[in-house]
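Here are the chains, one letter per residue:
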Amino acid sequence: MSTPLDLVAGLGQNMALVFALLFVEQQAQPWLARLGITARGLVTGTLFAIIALLGMQVPIHIADGVVIDARVVLVALAGAYGGIPAGITAALLVSGYRLHVGGVGALAGILAILWGAAVGCLLHRHVAAQPQQLGPWHHLALGLATAAGGLACTFALPAAMAAQAFPLYALPVLISYPLGALMLGGLLTLQHRSRADQTALQASRDRLSLATRSAGIGVWDLDVGSGRLVWDDNMYRLYQVPRDGPADTHTYQTWAKAVHPQDLPRAQDELQTALRAGQDFATTFRIVLADGRVRTIKAIAQAFRDRDGRPTRMVGVNEDITERAATEQELARHREHLEELVAARTAALARASDDARLLTQETEGARRVAVAALQEARHLQESYILAKNQAEAANRTKSEFLASMSHEIRTPLNAVLGYAQVLTRDPGLTSAHRRAVEIINRSGEHLLALITDILEMSRIEAGRSTCDAEDFALHTLLTDLHSLFQLRARDKDLTLRLVLAPGLPPYLRSDARKLRQILLNLLSNAVKFTTTGGVEVHASHHAGELVIAVRDSGPGIAEEALSQLFQPFVQLGAGRGRGEGSGLGLAISRGFARTLGGDLQAESRVGNGSTFTVRVPAAVVADGGRLVATRRQVIGLAPGMTSPRILIAEDHPDHLRLLHDLLAGGGLLVRAVSDGAAAVAAYHDWRPHLIWMDLDMPIMHGLAATQAIRALPVPTDAAPPVIIALTAATFAEDRARILAMGCDEVMHKPYREEELFTAMEQRLGIRFTWKDEAPPGSMATGAIGEAMRRGITDLGADQRQALHYAVITGDLVAITTMTQAWPDRATAAAVMTLVDQFALERLATLTTAEATPMTTSDHVDGSDAQPQPAVAMDAGSRDGAS
């Protein structure tokens, strides 16, 4: 049994081993710094475990099988300074050896070791893994905690042995564990703090070195007594001085030799003055480099003195400020020059001030005039704003008027055209009545086209015009226009030539109606303002662009007036003198051209005529056979087709009856209602497959009825109904709004029979039996040929003159009466074809006494230009020229 003094002595022997641990850890530190945190912790824990195991070789016996040593404190310190990896490694190694030794105290010893490791790891976490922050209070707390844990672990011994060992074990443990933790922990803390200070110092040096290198600043250290001068790398670079030896030192004379001879006395004097007076040294001097270049150096230094006040060292920096000095000198010169300019300008201003005082009275008068002008300008601005608001209100009123008039005209026109189509299906009509009905139908369609043109002009002014591209026959369009203006040109003794470029494609895709309107305006102006010579139309196509130029030999347009040519309501030259037109034709034509994606340009010189060139994108169409229109009638449902249920919602009785008769005549099962609420109720009860929904209805608007129907549940065995809106509105935004409200399609009034049945075929997937027939009067102008010319020539001068007079006066009844008495029925049918197609200009050309048969060579230039059969045009109804 050992005494307490033996216990303390044994613990002292164990703690002495720690010095070996400190030495080994210090020597291994450079190698440990290269390892990761976990690897470094494992090595540190192993070193602590080795020292603890060596201490266990000289144990102090308290009782049989119970010993005490420094292993618990060392394991705790391993956790506190090395973290969890070190604490666990030390605990596992020491516990494993203690288990190997065995004895009745093995369990108590292992528990004490594990307790020490846990306490050390908790302390390491408490100081955020920075062991250099551990102080005496931390070590004392660590020692007391390990002592308390070790004493508590004695109760793991057998009861009799624990009662015998605890009194002997308590006092040495309570003394030795805190004392050992204080001593060993203090040594370890000092070592870690020293290492942290060295690391921080090295980092500070690195930062200082980086800063000086980045700024190009050199650092020097002068020993005043010996004249020994130490430079850093930047000083060598600044002075371009090679290193003399491994010490990298030079003497004071090394610096003095580099200073410019003119600056050396001053720099040395300022240096000595700073040393004597104890002041900081700050000066600027020049140095001469080895290659002869001169650089300007700024030097700043501080002197260090001994206890007697004598200077011993001076540490300073040098900075190359050559460029900065040159800039400062340049700025100084500019500053002096600026001061001279300011002085001169001040004197000039003083003289001007005297002159200004003399002009004060004149200026006051001018100010009064300016105030009056400003007031007038404000008045004009207010007038302009008022006029602008009035113009905008008028524009809105015009749009509302056009929309209203479109609806009011289209609504009765729908009945006219609809019943004309119904009558054409009556097999009991006589040929004369059928012809009259067909004339009514085509006249209504002509009126519909006129309304559409008026609305299109309104769209251009509102910026809402769109391109409706379709396939069309280019040669037909051009030759038809040629025929339209030929009589007018001959009446003025003008030539009208159509020149087609070789290879001009016969069929193109673009908006033919807008293109025709553009050419109508250009040709009308050209013929109108040309008095001698003639007009030529040149057409070509290349790179996907159609180019048509209209050239005339008229009076021309002054260059300064060309910029105003396409302005709305502007008339120039002859047009203004005559007071003809509204000045909108060219503006609308250019608007159409730009809507088509192209442009319209003008070239003119006074006395040399004018050329208007329109360029629009137009794709070539390979097959134009489908351009021959047919008008079809429905005989009934195709065999095997079941009639769908069709609901008509229309408040206008005539229109409702018309649509009911058309659809019922096609073999469909039809039900009709006269307001929107009735349409919703009929859908709920009858479940129609398709609804023709008029929009402007009483009780419930058509769009409201559409939304109400869409909101109703649809049976699982049925599909939602197809709803097609019927409206007289023609604006694109109206169509978008209608579709957004739930309609599947929009059909504009007046509608055609073929459009109705085609829409039902597409939407319902049904088929009708059609009676295909070419539209009456569809004979092309080319098909009339020489036979018609000869037939008119054979009429005789009197009959030809009477026919010509009836044509130019538009007396259709007289024309019909004449042709019915002709024995040549073929010629009579051909003339009535042109009458039905409103091609009166064409017919007037044929009936002119001087008219000669037109051949390609008379009017068309181009080796392969072959005019196609011309489509009949409305003679004189769409002139549109300004």
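What counts and how
- Residues numbered from 1 in each chain as written.
- Predicted model: local features only at pLDDT ≥ 70, side-chain atom pairs only at ≥ 80, totals over all residues.
- Heavy atoms only, no water.
- Helix = DSSP H or I, 4+ residues; strand = E, 2+ residues; numbered from the N terminus.
- Buried < 20%, exposed > 50% of the residue type's maximum accessible area, 1.4 Å probe, protein only.
- Contact = heavy atoms within 4.5 Å.
- Pairing = 2+ DSSP bridges.
- Right-handed = clockwise from strand over helix to strand, strands pointing away.
- pLDDT = per-residue confidence, 0-100.
- Expected span 1.5 Å × (residues − 1).
- 1 Å grid on protein atoms, 1.4 Å probe; cavity = no way out; pocket = protein on both sides within 12 Å on 5 of 7 lines; lining within 4 Å.
- Points joined across faces, edges and corners; volume = space filled by probe spheres on them.
- Nonpolar A, V, L, I, M, F, W, Y, C, P; charged D, E, K, R; others polar.
- Patch = residues over 30% accessible without salt bridge, like charges linked within 9 Å, V, L, I, M, F, W, Y side chains within 5 Å.
- Areas by Shrake-Rupley, 256 points an atom, 1.4 Å probe, with all protein chains shown as cover.
- Salt bridge = Lys/Arg side-chain N within 4 Å of Asp/Glu carboxyl O.

J.: So what exactly am I meant to see when it comes to the overall build of the chain here?
T.: Helices and strands together make up the secondary structure of the chain, namely 28 helices and 24 strands. Of all 882 residues assigned to the chain, the portion counted as buried reaches 43%. Contacts spanning at least 24 positions in sequence make up 68% of the contacts within the chain whose residues lie at least 6 apart.

J.: Help me understand the pairing of strand β20 (residues 690–694) in this model?
T.: When you tally the buried positions in β20, you get five out of five residues, the bulk of the element. Where burial is concerned, the two faces of β20 agree: the one with Leu690, Trp692 and Asp694 and the one with Ile691 and Met693 are both buried. Bridging between strand β18 (residues 645–649) and β20 involves four bridges; their strand directions are parallel. Residue pairing for β20: isoleucine 648 is matched across the bridge by tryptophan 692. Bridge analysis of β20 against strand β21 (residues 722–727) gives five bridges, and the strand direction is parallel. When the bridges of β21 are listed, tryptophan 692 appears paired with isoleucine 724. Handedness of the crossover joining β20 and β21 through helix α20 (residues 702–711) is recorded here as right-handed.

J.: Would you take a moment to explain the confidence of the model for the chain for this structure?
T.: As a general rule, the predicted coordinates of low-pLDDT regions are not to be interpreted in detail. With 72% of its residues at a pLDDT of at least 70, the chain reaches an overall mean of 75. Note that pLDDT drops below 50 for residues 575–582; the model gives that stretch twelve contacts with residues more than four away or on any other chain. Per-residue pLDDT stays below 50 along residues 773–785; that stretch engages in 24 contacts with residues further than four places along the chain or on separate chains.

J.: What should I look at first to understand helix α4 (residues 71–101) in this one?
T.: Along an α-helix, a turn takes 3.6 residues, which lines up residues three or four apart on a common side. Across its 31 residues, α4 extends only 14 Å between first and last C-alpha, which sits more than 12% below the 45 Å expected from 1.5 Å per residue. The first or second residue beyond α4 is glycine 102, which carries a positive phi of 80°.

J.: Sorry if this is basic, but what is going on with the environment of threonine 254 here?
T.: For threonine 254, the position within the fold is in helix α9 (residues 252–258). If we skip the residues at most four places from it in the chain, threonine 254 touches Trp231 and Val241.

J.: Teacher, can you tell me more about the sheet that holds strand β16 (residues 619–620) here?
T.: Each strand in a sheet pairs with its neighbour through backbone hydrogen bonds, running either in the same direction (parallel) or in the opposite one (antiparallel). Read across the open sheet, the three strands follow the order β9-β11-β16; overall the sheet is antiparallel. With one partner strand each, in any of the chains shown, β9 (470–473) and β16 form the two edges of the open sheet. As judged from the four bridges shared by β9 and strand β11 (residues 507–510), these two strands associate in the antiparallel manner. When the sheet's bridge partners are listed, aspartate 471 is paired in β11 with arginine 509.

J.: Honestly, empty space enclosed by the protein in this entry has me stumped. Any pointers?
T.: Here the idea is plain: a probe the size of a water molecule rolls over the atoms and shows the empty space left. Applying the stated criterion to the full structure yields six cavities of 30 Å³ or more. One number sums up the size of the second largest cavity: a volume of about 130 Å³. Lining of the second largest cavity is provided by Trp220, Leu222, Leu229, Trp231, Met235, Tyr252, Trp255, Leu271, Phe281, Phe285, Ala299 and Asn318. Of all the elements in the fold, those that place two or more residues in the lining of the second largest cavity are β3 (217–223), β4 (228–231), α9 and β6 (281–288). For the lining of the second largest cavity, the per-class residue count stands at eleven nonpolar, one polar and no charged.

J.: Would you explain a nonpolar patch on the surface in this entry?
T.: Together, Ile84, Ile88 and Leu92 make up a nonpolar patch on the protein surface, roughly 310 Å² of accessible area in all. If you trace the backbone, isoleucine 84 turns up in helix α4.

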